[in-house]
Amino acid sequence: MNRIITLDEFIIRRQKDFPYASGELTGLLRDIGVAAKIVNREVNKAGLVSILGKAGTENVSGEAVQKLDLYANEKLIDCLKNSGECCGIASEELEDFIPIQSVASKTSKYVVVFDPLDGSSNIDVNVSVGTIFGIYRRISDPEGPVHLEDFLQKGTELVAAGYVLYGTSTLLVYSTGRGVNGFTLDPSIGEFCLSHTDMKIPDRGNYYSVNQGYYLKFDVEMRRYIDHCSDLNLRLRYIGSMVSDIHRILFQGGIFMYPNTRKYPQGKLRLVYECNPLSFIVEQAGGKAITCQLERVLELPVEHLHQRITIAIGSPAMVEEMKEFVERYSAAPTFK
Ligand code: AHM
Ligand code: MG
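Reading the values: the criteria
Residues numbered from 1 in each chain as written. Chains lettered and ligands numbered in written order. Predicted model: local features only at pLDDT ≥ 70, side-chain atom pairs only at ≥ 80, totals over all residues. Heavy atoms only, no water. Axes fitted to C-alpha atoms, helices over the stretch in contact; angles between N-to-C directions. Helix = DSSP H or I, 4+ residues; strand = E, 2+ residues; numbered from the N terminus. Parallel < 35°, antiparallel > 145°, perpendicular 65-115°, else oblique. Left-handed = near helix turned anticlockwise from the far one by under 90°. Contact = heavy atoms within 4.5 Å. Nonpolar A, V, L, I, M, F, W, Y, C, P; charged D, E, K, R; others polar. Phe/Tyr/Trp six-rings, centres within 6.5 Å; stacked < 30°, edge-to-face > 60°. Buried < 20%, exposed > 50% of the residue type's maximum accessible area, 1.4 Å probe, protein only. Pairing = 2+ DSSP bridges. Near = heavy atom within 4 Å. Polar contact = N/O pair within 3.5 Å; in protein donor to acceptor, adjacent residues only side chain to side chain. Areas by Shrake-Rupley, 256 points an atom, 1.4 Å probe, with all protein chains shown as cover. 1 Å grid on protein atoms, 1.4 Å probe; cavity = no way out; pocket = protein on both sides within 12 Å on 5 of 7 lines; lining within 4 Å. Points joined across faces, edges and corners; volume = space filled by probe spheres on them. Domains from an automatic or database assignment. Salt bridge = Lys/Arg side-chain N within 4 Å of Asp/Glu carboxyl O.

(A) Quick look at the packing of helix α2 (residues 24–45) against helix α4 (residues 68–83). Between α2 and α4, whose axes approach to 9 Å, the crossing angle comes to 155°. One finds that α2 runs roughly antiparallel with respect to α4. Seen from above, α2 lies across α4 with right-handed handedness. Together, L28, D31, I32, V34, A35, I38, V39, R41, E42 and V43 of α2 and L68, Y71, A72, K75, L76, C79, L80 and S83 of α4 make up the contact between the two elements. Of the residues belonging to the contact of α2 with α4, the class tally is 13 nonpolar, 1 polar and 4 charged.

This is the structure we're talking about:
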């Protein structure tokens, strides 16, 4: 039998790769792992909501039931606040960032951004959802509280990023910029165990993932590329939960797209909480991530916390191909 390597053990071993590491990042990653286990427990109970009570109502014990995405948000904030390893947090669920002022935290080097439960419209129907996170080194004066600028760093500045997928099994995937590794939660021992070492995305794959229901609302060049995917008989898979859709593509190859539509002229997905961390992971696995306007996601200037962008992300050869379609069809002359 192979020896089991737990997430904690793996993180501690990896700390030795960073000669001047103080253990803070190690502690932070471990705390995110703990929060993920707590959120996982609640996600697994979500199906019982109809028995135990719906969000905004009271459960059978007379306690108020919370929406799961808000619960996940609170748990992550609690774990990170208590860890003493980060000095600020920004969450997709909150308008503004939170500085952490406790004695232990305020001297910390790191800030964390996260989407506590992405794809939350899927919860009620028992379909996979995920948590996405990114870690930056603070750039503001370490003597004072954190500033907005600490959170508005480009994706290229990420120190680490990852996601947790609450699916048929629960998986935590992360990278500190030296490859991507995945850990599956073994519920019998309550530990994330190393299950996917040095993950690499295939150069191409058989899947494309886009909300094809919006087809007529996409620009012509995106429609031409989607037609091309369909002509190639690629399989369309769209869960509507970005973590799950990208997870499939990371394993099996393919391309995920969320272009601009009339409703979302800048795109729907958030740069800070969703696109940058997942682009970091996909690039670390050998993939590519660009906007539908062809800029590299990780190099985009970040103007505000809830900035939305368009995205095409996945197997490198397929993202390149999409780029060619956009160049070709957006340059096409219009005839009067
Ligand atoms: P959320 O943060 O409100 O959950 O929205 C993000 C989700 C992504 O997970 C998913 O890719 C996308 O929204 C689906 O949007 P749509 O229903 O417009 O296709
Ligand atoms: Mg989200």
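(B) Focus on the packing of aromatic side chains. Under the counting rule described, the total for this entry stands at 8 aromatic pairs. Residues Y225 and F325 carry aromatic rings whose centres are separated by 5.5 Å and whose planes lie at 70° to one another, so their mutual orientation is edge-to-face. Highlighted residues: Y225 in helix α6 (residues 220–231) and F325 in helix α9 (residues 316–330), separated in sequence by 100 residues. Like F325, Y225 is buried. Ring plane angle 15° and centroid distance 6.4 Å describe the contact between Y238 and F256, whose orientation is recorded as stacked. Here the residue Y238 occupies a position in the loop between β10 (235–236) and α7 (242–252), and F256 occupies one in strand β11 (residues 254–258), the gap between them amounting to 18 residues. A relative accessible area of 29% means that Y238 is categorised as partly exposed. Note on F256: relative accessible area 1%, which makes it buried.

(C) Up close: the sheet that holds strand β6 (residues 170–175). Strand order across the open sheet formed by 8 strands is β2-β1-β3-β4-β5-β6-β7-β8, with mixed pairing between neighbours. On the outer flanks of this sheet lie β2 (98–99) and β8 (191–196), each paired with one strand and no other. Judged from the 7 bridges that link them, strand β3 (residues 110–118) and strand β4 (residues 129–137) form a sheet pairing that is antiparallel. Paired with V113 across the bridge in β4 is G134. Lying over the sheet, α7 contacts β3, β4, β5 (160–166), β6 and β8, oriented at roughly 105° with respect to β5.

(D) Here's a closer look at the site of ligand 1. Around ligand 1, the surrounding shell holds 17 residues, and the nearest of these are D118, Y214, Y238, M242 and Y258. Within the side chain of N211, one N or O atom sits 2.8 Å away from an oxygen atom of ligand 1. Within the side chain of Y258, one N or O atom sits 2.6 Å away from an oxygen atom of ligand 1. Relative to its unbound accessible area of 470 Å², ligand 1 is 82% covered by the protein chains.

(E) Structural view of the layout of surface pockets. Reported here for the second largest pocket is a volume of approximately 340 Å³. Along its surface, the second largest pocket is lined by 21 residues, and D118, G119, G240, K268 and L269 are the ones closest to its centre. Among the elements of the structure, β3, α7, β11 and β12 (269–270) are those that each provide at least two residues to the lining of the second largest pocket. Broken down by element, the lining of the second largest pocket gets its largest block of residues, 3 residues, from β3. The residue makeup of the lining of the second largest pocket includes at least three contributed by each of domain 1 (7–196) and domain 2 (207–329).

(F) Inspection of the sheet that holds strand β9 (residues 207–209) at higher detail. Read across the open sheet, the 5 strands follow the order β10-β9-β11-β15-β13; overall the sheet is mixed. Of all strands in the sheet, those with a lone pairing partner are β10 and β13 (288–290), marking the two edges. When β13 meets strand β15 (residues 311–314), the two strands line up antiparallel, connected through 3 bridges. Among the inter-strand pairings, K288 is bridged to a residue of β15, identified as G314.

(G) Spatial organisation of the pattern of salt bridges. This structure, assessed with the given rule, holds 14 salt bridges. In this structure, K288 and E320 form a salt bridge, with 2.9 Å as the shortest nitrogen-oxygen distance. Of the two residues, K288 sits in strand β13 while E320 sits in helix α9, which places them 32 residues apart along the sequence. The class for E320 is partly exposed, based on a relative accessible area of 29%. Salt bridges linked by common partners bring R3, E9 and R13 together as one network.

Any link to function would need more than the numbers given here.
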